[in-house]
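# Understanding the architecture of this molecule
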Amino acid sequence: MNQYYLLGRSGLRVSRLALGTMNFGVDGFHAAYGRTEEEAEPIFRRYLEAGGNLIDTADFYTAGESERILGRLIDRAGARDRLVLTSKATNTTDPTDPNASGNGRKHIVRAVEASLRRLGTDYLDLHLLHTWDRITPVEEVVHTLDDLVRAGKIRYAGLSDVPAWYAARAQSYAEAHGLAPMITVQLPYSLVTRDIEAEYVSMAQTLGMGLTAWSPIGGGLLSGKYRRTGEGMSGTGRLTSPDAPGREINPRDWRVIEVLEGVAADLGRSMAQVAINWVATQPAVASVVIGASNPEQLDSNLGALDFEIPADARRRLDEASAPQLGMPYGMFTPQYQSWVVSPGLGIGDKPAGYAPPVFNGATRPTG
Ligand SMILES: NC(=O)c1ccc[n+]([C@@H]2O[C@H](COP(=O)([O-])OP(=O)(O)OC[C@H]3O[C@@H](n4cnc5c(N)ncnc54)[C@H](OP(=O)(O)O)[C@@H]3O)[C@@H](O)[C@H]2O)c1
């Protein structure tokens, strides 16, 4: 865990495993599987002891409880300065107030100020737009985030759960006008959710954004504790709780789980460790935001980077989980390009060392 990557095209050093805290607190959204402050503290402490520095929360999690609890835990641990404290805003904090949600300047500034109060700090290291609100002009968002940087309320800006065209527009606008860049895009990414590969990975590499991946084990699905039954699935955890979030689990997911189970057994690792390792070592991924319900889960998952997935095992995982990207993305494969774009040459025909200076969030190019 004592390995840090630069986040996007920035000088910010972040752990390759981030601690997600949307289950800290027992109120509001996510309360069904929330943890009290007493339960959250050993999880948080374990993460710090392991050398982790990237903490993820949002104003919306457990109706602000996640931030309040986190603020107290950080204070008790005396760890504020060494942490890369991240929060987000977009979702409503007061359904009766039209400006208590969305990405307009009025809400974002007020949301950051409220997050700072709840967290008991005077700056966030990183603030993300939680999601696209489909209304606010991207220019307004980029200027608002830049103003927050200039005001010293946030150190860096980023995005979460926005369309790729929107992220590209935001980054290009910021670059053209000398405004604070978007150093990260936080997105769902796991062996059962590979949709982002169509657009976001090459966007992030081209525009200098490090991807941060949320729900790397599908909220517990890839831990192996759920089993397919005739009518649905068995197992105990967030996904079988009455308020289970997320999407339906389909036959393809079960096939991925089966292959993952085989690979994990071959490697002598837990399924969750292999699933997290796979995400952490995918192109453009800077950090993986993991969640845990207790310190034992976290402890085990923190071992996810202590080994390498051998090439053959990786191929089995890649094939079982391959996303069906559809058109026009089917035209961007090496095979299609070798037929149509540069027949007889193939994509791999460039001389060694010719690759453009892509920064994938891992290491800066040396040449
Ligand atoms: N930007 C966004 O829109 C967005 C959206 C979602 C999440 N996030 C961030 O990402 C973080 C992580 O998301 P996530 O909690 O869905 O991630 P995850 O790592 O895929 O799932 C974590 C959950 O899986 C179960 N689990 C973890 N390790 C396990 C193990 N070793 N064995 C068995 N079960 C295990 C636990 O739930 P149970 O014990 O209840 O089964 C745990 O709470 C969140 O806290 C949040 O900070 C961001």
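Given the structure is predicted, the values throughout are model-derived calculations rather than measurements. (Residues numbered from 1 in each chain as written. Predicted model: local features only at pLDDT ≥ 70, side-chain atom pairs only at ≥ 80, totals over all residues. Heavy atoms only, no water.)

## Describing the side chain of Asn103
Assignment of secondary structure puts Asn103 in the loop between strand S5 (84-89) and helix H3 (105-119). A distance of 2.8 Å separates a polar atom in the side chain of Asn103 from the backbone oxygen of Thr131. With residues up to four places along the chain from it excluded, the contact list for Asn103 reads Ala89, Thr90, Ile108, Leu129, Thr131, Trp132, Asp133, Thr136 and Val141. (Helix = DSSP H or I, 4+ residues; strand = E, 2+ residues; numbered from the N terminus. Polar contact = N/O pair within 3.5 Å; in protein donor to acceptor, adjacent residues only side chain to side chain. Contact = heavy atoms within 4.5 Å.)

## Details of the pattern of salt bridges
All told, the structure shown has 22 salt bridges when counted by the stated rule. A salt bridge links Arg76 to Glu41, with the nearest nitrogen and oxygen atoms 3.0 Å apart. Linking Arg76 in helix H2 (residues 65-77) with Glu41 in helix H1 (residues 37-49), this pair joins segments that are 35 residues apart in sequence. For Arg76, a relative accessible area of 43% puts it in the partly exposed group. (Salt bridge = Lys/Arg side-chain N within 4 Å of Asp/Glu carboxyl O. Buried < 20%, exposed > 50% of the residue type's maximum accessible area, 1.4 Å probe, protein only.)

## What about the site of the ligand?
Surrounding the ligand, one finds 29 residues, the nearest of these being Asp56, Asp161, Ser215, Lys225 and Arg238. Within the contact set of the ligand, an oxygen atom lies 2.6 Å away from a side-chain nitrogen or oxygen of Asp56. Here an oxygen atom of the ligand and a backbone polar atom of Ile217 are 3.0 Å apart. About the coverage of the ligand: the protein hides 91% of its 910 Å² of free accessible area. Put simply, the parts of the chain that give the shell around the ligand at least two residues each are strand S12 (285-290) and helix H9 (295-301). Residues that form the shell around the ligand fall into these classes: 9 nonpolar, 15 polar and 5 charged. (Near = heavy atom within 4 Å. Areas by Shrake-Rupley, 256 points an atom, 1.4 Å probe, with all protein chains shown as cover. Nonpolar A, V, L, I, M, F, W, Y, C, P; charged D, E, K, R; others polar.)

## Regarding helix H8 (residues 271-280)
Of all 10 residues in H8, 10 are buried; the element is thus mostly enclosed. Residues of H8 that are buried include every one of Met271, Ala272, Gln273, Val274, Ala275, Ile276, Asn277, Trp278, Val279 and Ala280, and no others. Taken together, the buried residues of H8 touch strand S3 (17-20), strand S9 (210-214), helix H7 (251-267), S12, H9 and helix H10 (311-321).

## Side note on the packing of aromatic side chains
Any two aromatic rings considered together are summarised by their centre-to-centre distance and by the angle between their planes. Under the definition given, this model contains 5 aromatic pairs. Note on Trp132 and Trp165: the rings are 5.4 Å apart at their centroids and 90° apart in plane angle, and the pair reads as edge-to-face. With a gap of 33 residues between them, Trp132 in the loop between strand S6 (124-129) and helix H4 (138-150) and Trp165 in helix H5 (residues 164-176) connect regions that are remote in the sequence. With 6.1 Å between their ring centres and 50° between their planes, Trp132 and Tyr166 make a pair best called tilted. Within this pair, whereas Trp132 is found in the loop between S6 and H4, its partner Tyr166 is found in helix H5, the two being separated by 34 residues in sequence. According to the relative accessible area criterion, Trp132 is partly exposed, its value standing at 28%. Of the aromatic side chains, those joined through ring pairs into one cluster are Trp132, Trp165 and Tyr166. Positioned above the aromatic ring of Tyr123, the side-chain terminus of Arg80 is 4.0 Å from the ring centre. Sitting over the face of the ring of Tyr123, Arg155 holds its NZ or CZ atom 4.1 Å from the ring centroid. (Phe/Tyr/Trp six-rings, centres within 6.5 Å; stacked < 30°, edge-to-face > 60°. Lys NZ or Arg CZ within 6 Å of the ring centre and 35° of its normal.)

## Description of a nonpolar patch on the surface
On the surface, a cluster of nonpolar side chains totalling about 330 Å² of accessible area is made up of Met327, Met331 and Phe332. Tracing the backbone shows Met331 in the loop between H10 and helix H11 (334-340). Residue classification places Met331 among the partly exposed positions, given a relative accessible area of 31%. (Patch = residues over 30% accessible without salt bridge, like charges linked within 9 Å, V, L, I, M, F, W, Y side chains within 5 Å.)

## Comments concerning the domain arrangement of the protein chain
Assigned domains of the protein chain: these are domain 1 (4-325) and domain 2 (330-367). Summarising the inter-unit geometry, the C-alpha centres of domain 1 and domain 2 are found 29 Å apart. (Domains from an automatic or database assignment.)

## Quick notes on the side chain of Ser160
Secondary-structure assignment places Ser160 in strand S7 (residues 154-160). Within the structure, the side chain of Ser160 is placed 2.8 Å from the backbone oxygen of His130, a separation counted as a polar contact.

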